[in-house]
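# Structure at a glance
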Amino acid sequence: MKYISVLIFLAAVVTDRITKYIVRREVLPGESVPVLGDFLEITRAENTGIAFGMLQGRNSILIFVVLAIMALVVFMSRKFPYRNSALFRICVALILGGAFGNFVDRVFYGMITDFIDVGIGINRWPAFNVADSCITTGGILLA
């Protein structure tokens, strides 16, 4: 059961890296490609900040903040009473896999590539990526 965490972590990172690579190669910044009408589009956005575009342009500081948060998650997960629970391990693996996927973007590109664009008409959720989805899913399941 221990290895399921490693597999989920790796699946999150690899899926995130592959999807971002494809989007960077095939879609110009700001370009939108409809997938399900205008409800789901692939829209390439480049984010130098964090969630919802906050803290733009502070990539160097955010690299260290993300490293510290990832270390804290690992440290705290070892102290958590349910640390041997399969669900807990899956949640932590998703959170760390997503954080690492975005961390790689920050280090190598100086920004995070977002591309999943959901909404109706002009009412859109801010673009996000696979790593963001992993972090969110892991956090919700953990809660």
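With that out of the way, let us pick up helix H4 (residues 130-142). Between its first and last C-alpha, H4 extends 18 Å over 13 residues, near the 18 Å set by a 1.5 Å rise per residue. Within H4, the full set of buried residues consists of Val130, Ala131, Cys134 and Gly138. Seen from one end, H4 has its buried residues packed into an arc of 105 degrees, which puts them on one side. For H4, the N-terminal capping position is held by asparagine 129, with its side-chain oxygen 2.9 Å away from the main-chain nitrogen of alanine 131.

Now for the nonpolar core. Within the largest apolar cluster, 11 residues are counted, these being Ile8, Ala12, Val23, Val27, Ala93, Leu94, Phe115, Ile116, Phe128, Val130 and Cys134. Listing elements by their share of this core, those giving two or more residues are helix H1 (2-26), helix H3 (86-109), strand E3 (112-120) and H4. Counting residues per element, this core draws most heavily on H1, which supplies three residues. Setting aside residues up to four positions removed in sequence, isoleucine 116 forms contacts with Leu40, Glu41, Pro126, Ala127, Phe128, Asn129, Val130 and Ser133. Of all hydrophobic cores here, the second largest spans eight residues; its members include Ile63, Val66, Met70 and Val92.

Reading the values: the criteria
- Residue positions are given per chain, counted from 1 along the sequence in the order it is written.
- Where local features are concerned, this predicted model is filtered to residues with pLDDT of at least 70; where side-chain atom pairs are given and counted, the filter is 80 or more; whole-chain, interface and lining totals use all residues.
- Note that water and hydrogens are dropped before the side-chain values are worked out from all heavy atoms of the structure.
- What counts as a helix is a DSSP run of H or I of at least four residues, what counts as a strand is a run of E of at least two, and both are numbered from the N terminus.
- A helix is expected to span 1.5 Å for every residue after the first.
- Residue burial is assigned from relative accessible area. The probe radius is 1.4 Å, only protein chains are included, and a residue is buried under 20% of its type maximum, exposed over 50%, and partly exposed in between.
- By arc we mean the arc of the directions from the helix axis to the C-beta atoms, nothing more.
- What qualifies as a polar contact is a pair of N or O atoms within 3.5 Å, subject to a donor-acceptor requirement within protein and to the restriction that residues adjacent in sequence count only when both atoms come from side chains.
- Joining through side-chain atoms within 4.5 Å is the link that ties buried Ala, Val, Leu, Ile, Met, Phe, Trp, Tyr and Cys residues into a set, and such a set is a nonpolar core.
- Note on contacts: a residue pair is in contact if any heavy atoms of the two residues lie within 4.5 Å.

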